[in-house]
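Observations on chain architecture
The residues making up each chain are set out below.
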2 protein chains.
Amino acid sequence: MKIKATLLTIGDEILIGQIVDTNSAFIAKQLNKIGIQVEEILSVQDEMIHIIEAFQRGITKSNIIIVTGGLGPTKDDKTKAALCQFLNCELVREEKVIENIIQLFEARGYTKELNNLNQEQALIPEKSKFIQNKYGTAPCLWTDFEDKIIINLPGVPFEMKGLVLDDIIPRLKNKFEADVIVHRDILVTGISESDLAILLEDWENQLPDYIHLAYLPNRTSIDLRFTATGIDEVYLKESIQQEINKFKVIAGQYLISENSGKAQRVLGDILKQNNLTISTTESCTGGNIASLITSISGSSSYFNGSVVAYATNVKTSVLGVNADDIDKFTVVSEQVAEQMSKGVRTILNTDIAISTTGVAGPNKGEDGKDVGTAWVAVTNGEKTITRSYFYPYMDREDFIKTVSNNALNLAIQFIQKELS
Amino acid sequence: MKIKATLLTIGDEILIGQIVDTNSAFIAKQLNKIGIQVEEILSVQDEMIHIIEAFQRGITKSNIIIVTGGLGPTKDDKTKAALCQFLNCELVREEKVIENIIQLFEARGYTKELNNLNQEQALIPEKSKFIQNKYGTAPCLWTDFEDKIIINLPGVPFEMKGLVLDDIIPRLKNKFEADVIVHRDILVTGISESDLAILLEDWENQLPDYIHLAYLPNRTSIDLRFTATGIDEVYLKESIQQEINKFKVIAGQYLISENSGKAQRVLGDILKQNNLTISTTESCTGGNIASLITSISGSSSYFNGSVVAYATNVKTSVLGVNADDIDKFTVVSEQVAEQMSKGVRTILNTDIAISTTGVAGPNKGEDGKDVGTAWVAVTNGEKTITRSYFYPYMDREDFIKTVSNNALNLAIQFIQKELS
């Protein structure tokens, strides 16, 4: 059975661009794991009329509406009132919620009395059930509405995540026998998206109708995502593998990875499998590569650390880059990238090291190098490979992201080549 | 005149949680700057029926629909076909788009002939105008529809950003005399959200109806956001200032900053104003603080660099942390945090230094410290302040973010206190 969900986000901060809606991506991923498909994601203003209309839309389109935000104690939080109006019921007081708030305050060392607004958090629409929130004061609401479900969660990410993982996913899994959804990505490079699509046309046309293919082009590679929906997970996975086998006959020379994913995860897996350690030294990427590597749990087994060498004198004094070479070739050069990588590898005592140096902009570098220029090096002490990049149109944020990703991919290629 | 926009995102990768929709936040921010208010943000599947229904909804609710994604050359991109069906018109070929693709390929050093799918990118709905995309092969589409506008942009962030800043915002600004929207955030700490709301109740009730107040609670502080809408920017800004002056009489003791914003930006401003430099050394935050600091353009004038000391031996060998103290107090301790901060300050030769050490999880630290424990230190060489945090319920990502943000705020407080 196909079970569909609408994700509804309430709060002006998303509509004015102050924050990025990361909650929806998290919830969508968790729902997909139990076979529930997200029909749409909608963000509306924290106003009764908009919230009620969004409930109505969600109920029409999906089996489940998951609402985040607007449950706080202050005036600008109107979700509970909107839910009452939508359900045509009153708020009733739940003493157990008060008990939870008192426990929570005690654990945080607060000694103060509950004020009126704290008390109001215990008011629950009488047609809803509540689920205790051990992470915060606003309880989660679960409302059975005709044959649909409306779930209200607080918008604070760590409260939302805790409730989704501890309570919502287990309950939904128990309630619905949803179809299984299997995703798998493979990574392709060395061919343009359009040339690839032409090459794959016949194969794409013969794909079974329960397998859906998507092209996700990156700057230097393309992710091909297979999505299979059905009832038998093993069968779906095998079907995708069979299609990948056919793909390899047609376009195998362009395939980098049969299980692509975030570069920092792929790199971590390769390092662990081969018992190698890594360090980074970063100028233009400013610590972003280290931050990506350490976003993977367990990275401490292969990542020793990084020297973020933002100032030029850190490159010479800490990493031992030759000052004359900086004068001669400038700080954004192949020579400096290479010396940085070798320097950090020695200092942090790792098998492999990555370095970056470049001009993220928006202003030109101190030596007049153009914005968007970068050099990346990867070394194992004996061999070093270097690459230059030039992205004149990118803003600072995208430039840092792209160079970081390129550097991680270069390290993957370097290790794979050295090991083969 | 109130001008409203709907942001529509097309693409399954958002609905399965594979990527976070950062495009919408970027566009919303730019629209707000020219007085256009985002009515809602909607993400739908890359299917004709869903896209067309979303066009219909957007047209009903807003003056402008800005659509991102689905313009690529492959089968899974259906936006152009959906737009034709919605407009009831055919695709026509625009030779100038072909010329742009050829130029772009030449600039990238491609010598190959344009294939059929490249050629198809030059097909434009005959009721739409196109805007050349100098960042990629898919042109931007601008469609006047009755008294509304539909704008189609590619989903690749750097292409979208370039087109929005270069073309879309100037054209919309020219076309509409939109109301001015002014946002201002102030930062409050030392009081719970609900106690603050009770304290401010009378003041909040007397706010003029063109000023809207929102509470944005963080872990250790609350952002209060004022949003004023009208026609006279100077008047709106003055009105907000007057309300902040009244706020200060009531709750001035809780105010940290009259112009809050991202901590890395506030810290950068304070460092620049006082001609101070900073460095970081990070264990549990893994380079994230360095990455946040260097996300601000111009940070090279005050940020020298960082030593990401993930492995314990980097803490001793590079930073000079006493190995006996690590044995005695464990690596996640006040003593180690303090020595790390002093070590990096000396090595990277800065006025101020920040350090972090903790257990991000999901597994316990090597010395058995509980997941969610962290120590942060800030030093100027003479004085050092330290703080401990314990967030047992947070996942790895939120823990890293929260500790990073705490560390930046601690540095702000430290500098403000030392200077006063």
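The paragraphs below set out a description of the structure included in this document. In this text the structure is predicted, and so the values were computed from the model without any measurement. (Residues numbered from 1 in each chain as written. Chains lettered and ligands numbered in written order. Predicted model: local features only at pLDDT ≥ 70, side-chain atom pairs only at ≥ 80, totals over all residues. Heavy atoms only, no water.)

1. Focus: a nonpolar patch on the surface
This is how the line gets drawn: Surface patches are drawn from residues lacking salt bridges whose relative accessible area is over 30%; two like charges belong together within 9 Å, two nonpolar side chains (Val, Leu, Ile, Met, Phe, Trp, Tyr) within 5 Å. All accessible areas in this document rest on Shrake-Rupley with a 1.4 Å probe, and a residue is counted as covered only by the protein chains that are shown. By salt bridge we mean one thing: a side-chain nitrogen of Lys or Arg within 4 Å of a carboxyl oxygen of Asp or Glu. Note on exposure labels: buried denotes an accessible area under 20% of the residue type's maximum, exposed denotes more than 50%, and partly exposed covers the range between, all computed with a 1.4 Å probe on protein chains only.
Together, Leu-199, Val-249 and Ile-250 of chain A make up an exposed nonpolar region whose accessible area comes to about 260 Å². Judged by its relative accessible area of 73%, Val-249 of chain A is exposed.

2. Describing the interface of chain B and chain A
Formally: It only takes one pair of heavy atoms within 4.5 Å for two residues to be counted as in contact. Buried area: the sum, over both parts, of the accessible surface (1.4 Å probe) that disappears when the two are put together. Contacts described as polar in this section are N or O atom pairs within 3.5 Å, which, within protein, must combine one atom able to donate a hydrogen with one able to accept it, while residues neighboring in sequence count only if both atoms come from side chains.
Listed as interface residues are 94 residues of chain B and, on the opposing side, 94 residues of chain A. Both faces considered, chain B and chain A share a buried interface measuring about 7,600 Å² in area, 53% of it formed by carbon and sulfur atoms. The tally of links from chain B across to chain A stands at 10 salt bridges. A salt bridge links Lys-161 of chain B to Glu-397 of chain A; its shortest N-O distance comes to 3.7 Å. Viewed at the interface, chain A and chain B are joined by 38 residue pairs in polar contact (both at pLDDT 80 or more).

3. As for the packing of aromatic side chains
Where two aromatic rings form a pair, the distance of their centres and the angle of their planes describe that pair. Rules: Within 6.5 Å between ring centres, the rings of Phe, Tyr and Trp (the latter by its six-membered ring) count as paired, and their orientation is classed by plane angle as stacked under 30 degrees, edge-to-face over 60, tilted in between.
This model, assessed by the stated rule, comprises 16 aromatic pairs over all chains. Pairing Tyr-389 of chain B with Tyr-391 of chain B gives two aromatic rings, centres 6.1 Å apart and planes at 20°, and the pair type is stacked. Tyr-391 of chain B sits in the buried class, given a relative accessible area of 6%. Taken together through their ring pairs, the aromatic side chains of Phe-55, Phe-86 and Phe-145 of chain A make up a single cluster.

4. A few points about the sheet that holds strand β13 (residues 278-282) of chain A
The pairing of strands in a sheet comes from backbone hydrogen bonds and takes either a parallel or an antiparallel form. Applied cut-off: Strand pairing is assigned whenever DSSP identifies at least 2 bridges connecting the two strands. Only DSSP runs of H or I reaching four residues or more are called helices, and only runs of E reaching two or more are called strands; each is numbered from the N terminus. Axis definition: a line fitted to C-alpha atoms, over the contacting stretch in the case of helices. Angles run 0 to 180 degrees between N-to-C directions.
Taking strand neighbours across the sheet as the criterion, the 10 strands line up as β17(A)-β16(A)-β15(A)-β13(A)-β14(A)-β14(B)-β13(B)-β15(B)-β16(B)-β17(B) in an open arrangement whose pairing is mixed. Each edge of the sheet is formed by a strand with only one pairing partner; in this case those strands are β17 (384-390) of chain A together with β17 (384-390) of chain B. Between one strand axis and the next, the sheet turns by 10° as a mean value, whatever way the strands run. Inspection of the sheet shows strand β13 (residues 278-282) of chain B paired to strand β14 (residues 303-309) of chain B by 5 bridges, in the parallel sense. In the sheet register, Ser-279 of chain B faces β14 of chain B, and the bridge partner there is Gly-305 of chain B.

5. Some thoughts on the pairing of strand β10 (residues 211-217) of chain A
Two faces make up the sheet, and in a regular strand the side chains alternate between them. Residues and elements named next belong to chain A. The element β10 is extensively covered by neighbouring structure, given that 5 of its 7 residues are classed as buried. Taken together, the 7 bridges between β10 and strand β11 (residues 222-230) define a ladder with antiparallel strand orientation. The residue bridging Ala-214 from the neighbouring strand is Arg-225, located in β11.

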